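Inside the fold
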Amino acid sequence: MTTNRPKHPETQLAQALGWVDETTGALVPPIHGATTYQRDADNNYRRGYSYTRGDNPTYAQVEALLTSLEGGEAAMVLGSGMSAATVPFMTLKSGDHVVAQSVMYWGVRAWLLGFAEQWGLEVDLVAPNDTEGLAAAIKPGRTKLVWIETPANPTFECIDIAATAEMAHAAGARLCVDSTVATPILTRPIEHGADLVMHSATKYLNGHSDVLAGALIAARDDDWWAKLKEIRAFHGKVLGPMEAWLLLRGMRTLHLRVRQSSENAMAIARRFDGHPKISRVLYPGLESAPGHEIAARQMNGGFGGMLSMQFVGGEAAAIAVAEKVKVFKRATSLGGVESLVEHRASIEGAGTPVPFDLLRFSVGVEHADDLIADLEQAIG
Ligand SMILES: *Cc1c(COP(=O)(O)O)cnc(C)c1O
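Residues numbered from 1 in each chain as written. Predicted model: local features only at pLDDT ≥ 70, side-chain atom pairs only at ≥ 80, totals over all residues. Heavy atoms only, no water.

Things to note about the nonpolar core
The biggest cluster of nonpolar side chains holds 68 residues, and the ones touching the most others in it are Leu 247, Met 251, Ile 268, Phe 272, Met 309, Phe 361 and Leu 375. It is helix H10 (residues 254–272) that contributes the most residues to this core, seven residues altogether. Two domains each donate at least three residues to this core, and these are domain 1 (9–251) and domain 2 (254–379). In this structure, Phe 361 is in contact with Gly 305, Met 306, Leu 307, Met 309, Phe 328, Leu 340, Val 341 and Leu 375, ignoring residues within four places of it in sequence. Membership of the second largest hydrophobic core comes to 29 residues, among which are Val 87, Ala 100, Val 108 and Phe 115. (Core = buried A, V, L, I, M, F, W, Y, C linked by side-chain atoms within 4.5 Å. Buried < 20%, exposed > 50% of the residue type's maximum accessible area, 1.4 Å probe, protein only. Helix = DSSP H or I, 4+ residues; strand = E, 2+ residues; numbered from the N terminus. Domains from an automatic or database assignment. Contact = heavy atoms within 4.5 Å.)

Below, the structure written as structure tokens:
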């Protein structure tokens, strides 16, 4: 594992850290399908593998790459983003207090609110960048975890990681960041003080809408990390070796895809900002966006491929636009090479905080002119 790591993420990604298979010289690693491994004659497991629910050799390269890209000390891949997101909360005890963001990926919020009650966790939700609200919510000694997502679904407001980390740490809490939308190409939360970074690797990391996967990257390889890894094993939150292999393949082009998506999203945001039929374009790259000043500081080399638009004509107008698109596909999820559009409130269902006049766009790597022309004809 002592690879001489090239400095730039582009080189690390394209060559997947430059690992060469020792047995064959292959530039692409083999897929280890084995679930069980032979013990040494003296009853040890010196090669480090015993059973695939604990660990699988196919994970090693992709986990090393994630560790390197995020500037952490350790990483693990899991069966999905939700599988990853739930792990840190499962280290907590009944009576522990958690602060999370009120605006974030609906699945994590819905799971947390349901699980919290059953597990005896106390949860407070605070609006993005509500510094006073956060200060009031954090209970020194009792708050164990602060959870943020930046940019946050589906308004894509950028959250100040360093400021949040400082407040969490002052109270003895850890900070976890869902960095799915930013990716390590644009933001490296550990450099801003985060203790743990989470990704739905289903999205940009894999990038081709064909693998469900999650990832956790830790700032420190310590006792807490050991506990997180134990939860992956005991709860069987594992990724299939084939999916781990596909994820590594997808990641080789992460930098190219994220940059192209970011450029396309910026072009779309600029084109439709101020459009008479659109009341608001929500994109962290626009000067008018809430959190833009934070995004400009915290995001490096682009503002990501996710944006939302709110329509003057309300829900009916938003749904009519989604109905008319031809290049964009009407589908949930994000971070793939193809552009998607979704009426978020419909999929989140009753009780969603998402405005009904909002469409969320995951901008892919197609030509920006084709995407803009498609939206122009759909919006009218
Ligand atoms: C998709 C997503 C998740 C959940 O990940 P899955 O891979 O679908 O389980 C969590 N957070 C964010 C920001 C997401 O976009």
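Quick word on the packing of aromatic side chains
Counting across every chain of the model gives six aromatic pairs. Ring geometry for Phe 89 and Trp 147: centres 5.3 Å apart, planes at 40°, overall tilted. With a gap of 58 residues between them, Phe 89 in helix H3 (residues 81–89) and Trp 147 in strand S4 (residues 143–149) connect regions that are remote in the sequence. With respect to burial, Phe 89 and Trp 147 carry one shared label: buried. (Phe/Tyr/Trp six-rings, centres within 6.5 Å; stacked < 30°, edge-to-face > 60°.)

A few points about the site of the ligand
As a matter of local geometry, the ligand sits amid 15 residues, with Met 82, Asp 178, Ser 200, Thr 202 and Lys 203 nearest to it. Between an oxygen atom of the ligand and a main-chain N or O atom of Met 82, the distance comes to 2.8 Å. One nitrogen or oxygen atom from the side chain of Lys 203 is found 2.7 Å from an oxygen atom belonging to the ligand. In isolation the ligand exposes 380 Å². Once the protein is present, 93% of that is buried. For the shell around the ligand, the secondary structure elements donating two or more residues are H3 and strand S6 (196–200). In terms of residue class, the shell around the ligand is built from six nonpolar, six polar and three charged. (Near = heavy atom within 4 Å. Polar contact = N/O pair within 3.5 Å; in protein donor to acceptor, adjacent residues only side chain to side chain. Areas by Shrake-Rupley, 256 points an atom, 1.4 Å probe, with all protein chains shown as cover. Nonpolar A, V, L, I, M, F, W, Y, C, P; charged D, E, K, R; others polar.)

Description of the pattern of salt bridges
Where side chains of opposite charge bring their charged atoms close, a pairing between them can arise. Counting across every chain of the model gives 21 salt bridges. Here Glu 10 and Arg 259 are joined by a salt bridge, their closest N and O atoms 2.9 Å apart. Of the two residues, Glu 10 sits in helix H1 (residues 9–14) while Arg 259 sits in helix H10, which places them 249 residues apart along the sequence. In this structure Arg 259 comes out as partly exposed when scored by relative accessible area, which is 33%. Here Arg 344 ties to Glu 342 by a salt bridge, and the two come within 2.8 Å at their closest N and O atoms. Arg 344 sits in the buried class, given a relative accessible area of 2%. Here the salt bridges share partners, and the residues they tie into one network are Arg 109, Glu 342, Arg 344, Glu 348 and Arg 360. (Salt bridge = Lys/Arg side-chain N within 4 Å of Asp/Glu carboxyl O.)

Some words on the pairing of strand S3 (residues 122–126)
Judged from the five bridges that link them, strand S2 (residues 97–101) and S3 form a sheet pairing that is parallel. Residue pairing across strands places Val 98 opposite Val 123, the latter belonging to S3. In terms of handedness, the path from S2 via helix H4 (residues 106–119) over to S3 forms a crossover that is right-handed. (Pairing = 2+ DSSP bridges. Right-handed = clockwise from strand over helix to strand, strands pointing away.)

Some points on the environment of Trp 147
Residue classification places Trp 147 among the buried residues on the basis of a relative accessible area of 0%. If sequence neighbours within four positions are ignored, Trp 147 has contacts with Ala 85, Pro 88, Phe 89, Val 99, Ala 100, Gln 101, Met 104, Val 108, Cys 176, Asp 178 and Met 198.

Quick look at a nonpolar patch on the surface
Taken together, the side chains of Val 20, Leu 27 and Val 28 define a hydrophobic patch exposed on the protein surface, amounting to about 280 Å² of accessible area. On the secondary structure map, Leu 27 appears in the loop between H1 and helix H2 (59–70). (Patch = residues over 30% accessible without salt bridge, like charges linked within 9 Å, V, L, I, M, F, W, Y side chains within 5 Å.)

Describing the side chain of Glu 149
Within the secondary structure layout, Glu 149 lies in strand S4. For the buried Glu 149, no salt bridge exists, and the shortest N-O distance to an oppositely charged side chain is 7.1 Å, to Arg 360. Ignoring anything within four residues of it in the chain, the contact list for Glu 149 reads Gln 101, Met 104, Tyr 105, Ile 159 and Asp 178. (Lys, Arg positive; Asp, Glu negative; His and termini not counted.)

So, the domain arrangement of the chain
Reports often express the size of an interface as the amount of accessible area lost when the parts come together. Here the chain is partitioned into domain 1 (9–251) and domain 2 (254–379). Spacing between the C-alpha centres of domain 1 and domain 2 amounts to 26 Å. Each partner contributes residues to the interface: domain 1 has 36 residues there, and domain 2 has 37 residues. Here domain 1 packs against domain 2, burying approximately 3000 Å² in sum over the two surfaces, 61% of which is carbon and sulfur. If you look at where domain 1 meets domain 2, you find three salt bridges. We note a salt bridge from Arg 297 to Asp 160, for which the minimum N-O separation is 3.6 Å. Mapped by element, the contributors of at least two residues to the side of domain 1 that touches domain 2 are H1, H4, helix H6 (161–170), helix H7 (183–186) and helix H9 (241–251). The element best represented in the side of domain 1 that touches domain 2 is H7, accounting for four residues. (Buried area = accessible area lost by both parts, 1.4 Å probe.)

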